[in-house]
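# Chains, contacts and geometry: an overview
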Amino acid sequence: MTHPLKRTPLYAEHVALGGKLVPFAGFEMPVQYPTGITAEHKAVREAAGLFDVSHMGEFMVSGPDALALVQKTTVNDASRIEVGQAQYSAMCRPDGGIVDDLIVYRFADRYMLVVNAANLDKDWEWIQEHAVGMDVSLEDHSGEIALLALQGPSAREILRTLVDVDLDAVGYYRFTEGKVAGIQGVISATGYTGEDGFELYVPASDAVAVWRAVMEAGSDQGLVPAGLGARDSLRLEVGYALYGNDLDDGHTPLESGLGWITKLDKGDFVGRDALVRQKEEGAPRRLVGLRLTDKGFPRPGYAVHAAGRAVGVVTSGTMSPTLGYGVAMGYVPAELSKAGTEVQIDVRGRLVEAVVQRPPFYTEGSIKR
Amino acid sequence: MSDYPSDLLYTEEHEYLRAADEDGVYVVGITDYAQGELGDVVFVELPEVGSSFARMETFGTIEAVKAVSDLFCPVTGEVVAVNAALDDDPSLVNSDPYGAGWMVKLRVDDPSELDALLDAAGYEAHVGA
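Conventions we followed
Residues numbered from 1 in each chain as written. Chains lettered and ligands numbered in written order. Predicted model: local features only at pLDDT ≥ 70, side-chain atom pairs only at ≥ 80, totals over all residues. Heavy atoms only, no water. Domains from an automatic or database assignment. Patch = residues over 30% accessible without salt bridge, like charges linked within 9 Å, V, L, I, M, F, W, Y side chains within 5 Å. Areas by Shrake-Rupley, 256 points an atom, 1.4 Å probe, with all protein chains shown as cover. Salt bridge = Lys/Arg side-chain N within 4 Å of Asp/Glu carboxyl O. Lys, Arg positive; Asp, Glu negative; His and termini not counted. Charge placed at Lys NZ, Arg CZ, Asp CG, Glu CD. Helix = DSSP H or I, 4+ residues; strand = E, 2+ residues; numbered from the N terminus. Buried < 20%, exposed > 50% of the residue type's maximum accessible area, 1.4 Å probe, protein only. Contact = heavy atoms within 4.5 Å. Core = buried A, V, L, I, M, F, W, Y, C linked by side-chain atoms within 4.5 Å.

What the domain assignment reports for chain A is domain 1 (11–54 + 143–237), domain 2 (57–134) and domain 3 (284–357). Just the C-alpha atoms count here: the centres of domain 2 of chain A and domain 3 of chain A sit 33 Å apart.

Take a look at the structure:
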């Protein structure tokens, strides 16, 4: 017997909106609503979309050794962020393989780690294991917190009507605590689409009220509910990696394009020795962006060919709704990872021409860095 | 709610056939139910005019955002036309599956093979609507 699928507090909203629910990371999540993935994708690029991402996990770390634990278990330098700032990071195994990617939020009295739903149990055990002997308090708030992502060029104007804080004072990867539609929560200038927008952490018990208030506020500004399908194509167009597809414990951050968050000089952390060694030797494989120059739809698992033989594999891919051609991410040998390198993708027996390109593929997003 | 026109023949693989003006020629496409399940179609790969296929042989593929599916030839025959408009606008399969979203016209070799196909009621029962 497999585990029954979990539902977010917004499950009934998705059903009422005609959402097509599919199993994802142990949850029943909407992959799309009746207008379809392409229309939702375009709405987010041109106006705004509201995503339920309540399946994500939230861990609270507090106590005298809170920073020490975050530093030990993540690759980025959490000592560099201020209260009110968030940081993209990753957790690694001793061999450098990625346990998960995450966002670290620094509050006055604690850190909040936001992790992928599929890795929630694994991450929780991992962090607890590394907290042994440290003076910290660990709490899993995943079930009590709902997360709504409001994304798109109109997101800011829509949200402005509902909050009691100055959104323009919240810079990229910054957050503030405040009320959304009268509900106290965390308003975070983060996202996964390449567009301007905010992620709203609110109590699970108030999720429906906030969802409805945001949908109502955006009703005359082109706001649509958007599902996992659009979330995937939006993040791919801007080259954001997805754990389970592009990131996994068989690849290190240096191989996965996350060298920029890997601070080898911050002091010791789990995986550092292996990563220092790999940096000296050079990562043998690299996660790269691939732009199809022939017609075709690249999908995860398709082989990447060069000089007549299979040399790598596609980990994510789609037909870019905005750009009109196939875009993908995949692993290739380091010597083939340079932008402009010509390769082929085996699309069900047909070799389709592609070129290595440094993401983002789509560069016109409204994101305010 | 999916649409099941009564003047069509259907396969369990979610294709439909409609008698064309010319005797023995049928227009083939995928059903409204199928396009709904597939979601946004982004690419349809169709055979060349003049090619022949046996019943249940793969004659093309349909790429939707979520998945790729084979198109199965519903009856043995020769392709006499393909819908070139799908090259430019594959979303016609979603917006008008029984009209502008048709895929090929097939000259049927053995009309008795048509007897094995489903009528609208049979197909509706098949998809469990």
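Additional details are given in the paragraphs that follow.
On to a negative patch on the surface. Residue and element names in this part refer to chain A. A contiguous patch of negative charge, built from Asp121, Glu125, Glu129, Glu139, Asp140 and Glu144, is present on the exposed surface. Among the secondary structure elements, those contributing two or more residues to the negative patch are helix 4 (120–130) and strand 8 (137–140). Element by element, the count of residues in the negative patch is highest for helix 4, at three residues. Here glutamate 129 lies in helix 4. Assessed through its relative accessible area of 51%, glutamate 129 is described here as exposed.

It is worth spelling out unusual backbone geometry at this point. Residue and element names in this part refer to chain A. Of the consecutive residues proline 359 and proline 360, the connecting peptide bond is found in the cis state with omega at 5 degrees. In the Ramachandran plot, alanine 25 falls in the positive-phi region, its phi being about 50 degrees despite a non-glycine side chain. Relative to the assigned elements, alanine 25 resides in the loop between strand 1 (20–24) and strand 2 (27–32). Overall, alanine 25 belongs to the partly exposed group, its relative accessible area being 28%. For tyrosine 173, which is not glycine, the phi torsion reads 60 degrees and is therefore positive. Inspection of the secondary structure puts tyrosine 173 in the loop between helix 5 (155–160) and strand 10 (175–180). Note on tyrosine 173: relative accessible area 16%, which makes it buried.

With that out of the way, let us pick up the side chain of threonine 76 of chain B. Residue placement: threonine 76 of chain B occurs in the loop between strand 7 (68–72) and strand 8 (77–82). Apart from residues no more than four positions distant in its own chain, threonine 76 of chain B is found in contact with Phe53, Ala54, Arg55, Arg107, Val108, Asp109, Asp110 and Glu113 of chain B.

This brings us to the nonpolar core. With 45 residues, the main nonpolar core has Tyr105 and Tyr201 of chain A as its most contacted residues. Every element with two or more residues in this core is listed here: helix 2 (37–46), strand 5 (85–92), strand 6 (98–106), strand 7 (111–115), strand 9 (145–151), helix 7 (228–237) and strand 17 (326–333) of chain A together with strand 4 (41–45) of chain B. Broken down by element, the residue count for this core peaks at four residues, all from strand 5 of chain A. Once residues within four sequence positions are removed from consideration, tyrosine 201 of chain A is found in contact with Glu58, Tyr105, Met112, Val114, Ile145, Ala146, Leu147, Gly185, Val186 and Ser188 of chain A.

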